[in-house]
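Residue strings, one per chain:
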Amino acid sequence: NRARRLRVGDGIMLKRGAQPPQRAALAWVGDDYGSFVFANGRGERAANMTLQELAMQLRRGSVPVLDRTDLPAMDRALYSALYRMHDDIGRQALHDPLTGLVNRKKFEAMIERRLIEAGQDGDAHAVAVLRFDGIAELAGRAGEAAANSLLRKLAEHIGGRLGEGATLARLDDSMFGLLLDRVSPEGARPVAEDLLALVEKVRVRYKDERFSISGNIGLAPLDA
């Protein structure tokens, strides 16, 4: 838990045998805490640890965590830059560049995690797949720009309708995914029907012509 609470930019003091202690900062955290990469004050890699290795080092006290106020100003600036870079790269890797929604990779990882949690605590969740009919036709008649504009509108309108505990993802060119936390399939059905009605109201204008689409949605439980 101590290792998982570390954030990019947090400083540590690496102690390795007879070598002088080296100040470093967390520069990268892999998917699902698979790896932790630390950089020195020059931005070079200083250490790479698994979650278990880092936890052991923290328990032994061989990598004490530093208070950020104790770091020199230059180090704080470098670690802030590393944090921004990590945040930017992480967002690009896990989000759809067109709509800003989470992408298939992150969505599938979230589903895996919910299944594990459901087996542990008994909570029920629901997952939905929303497929749009007419995106390809729109792209063929009005071009990719018009189709992209419609997809962005769909993401904006659907995302604006969802409340807390709901995650919308773009899965492919004409399909969105929806994860509803702590909702039974019965409770998710009205949400799905509401979204279908909303989809049919979304319009995009291209060269004085208005285009609309329809959709269909499938629901499945995520439980133990």
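Quick look at the structure, then. (Residues numbered from 1 in each chain as written. Predicted model: local features only at pLDDT ≥ 70, side-chain atom pairs only at ≥ 80, totals over all residues. Heavy atoms only, no water.)

So, on to the packing of aromatic side chains. For the structure shown, the criterion picks out 2 aromatic pairs. For the ring pair Tyr33 and Phe36, a centre distance of 6.3 Å and an interplane angle of 20° mean the geometry is stacked. Using a relative accessible area of 27% as the deciding quantity, one classes Tyr33 as partly exposed. The ring of Tyr33 is capped by Arg4, whose NZ or CZ atom sits 5.7 Å from the centre of that ring. (Phe/Tyr/Trp six-rings, centres within 6.5 Å; stacked < 30°, edge-to-face > 60°. Buried < 20%, exposed > 50% of the residue type's maximum accessible area, 1.4 Å probe, protein only. Lys NZ or Arg CZ within 6 Å of the ring centre and 35° of its normal.)

Right, let's talk about the sheet that holds strand β7 (residues 166–172) for a bit. The 4 strands are arranged β7-β8-β6-β11 in an open sheet whose pairing can be described as antiparallel. The strands lining the two open edges of the sheet, one partner per strand, are β7 and β11 (214–222). Geometrically, the sheet is characterised by an average inter-axis angle of 20° between neighbouring strands, direction not taken into account. Where β7 meets strand β8 (residues 175–180), 6 bridges bridge the pair, whose relative direction is antiparallel. Bridge pairing links Asp172 to Met175 in β8. (Pairing = 2+ DSSP bridges. Helix = DSSP H or I, 4+ residues; strand = E, 2+ residues; numbered from the N terminus. Axes fitted to C-alpha atoms, helices over the stretch in contact; angles between N-to-C directions.)

Moving on, we come to the pattern of salt bridges. This model, assessed by the stated rule, comprises 7 salt bridges. Close ionic contact of Asp194 with Arg161 constitutes a salt bridge, the shortest N to O distance being 2.9 Å. Here the residue Asp194 occupies a position in helix α7 (residues 185–199), and Arg161 occupies one in helix α6 (residues 144–161), the gap between them amounting to 33 residues. The partly exposed category is assigned to Asp194, whose relative accessible area is 31%. Of the charged contacts, one joins Arg189 and Glu193 as a salt bridge, the two residues approaching to 3.2 Å between their closest N and O atoms. Separated by 4 residues within a single helix, Arg189 and Glu193 lie in helix α7, roughly one turn from each other. Given the relative accessible area of 52%, Arg189 is considered exposed. In this structure, a network of salt bridges that share partners links the residues Asp96, Arg170 and Asp173. (Salt bridge = Lys/Arg side-chain N within 4 Å of Asp/Glu carboxyl O.)

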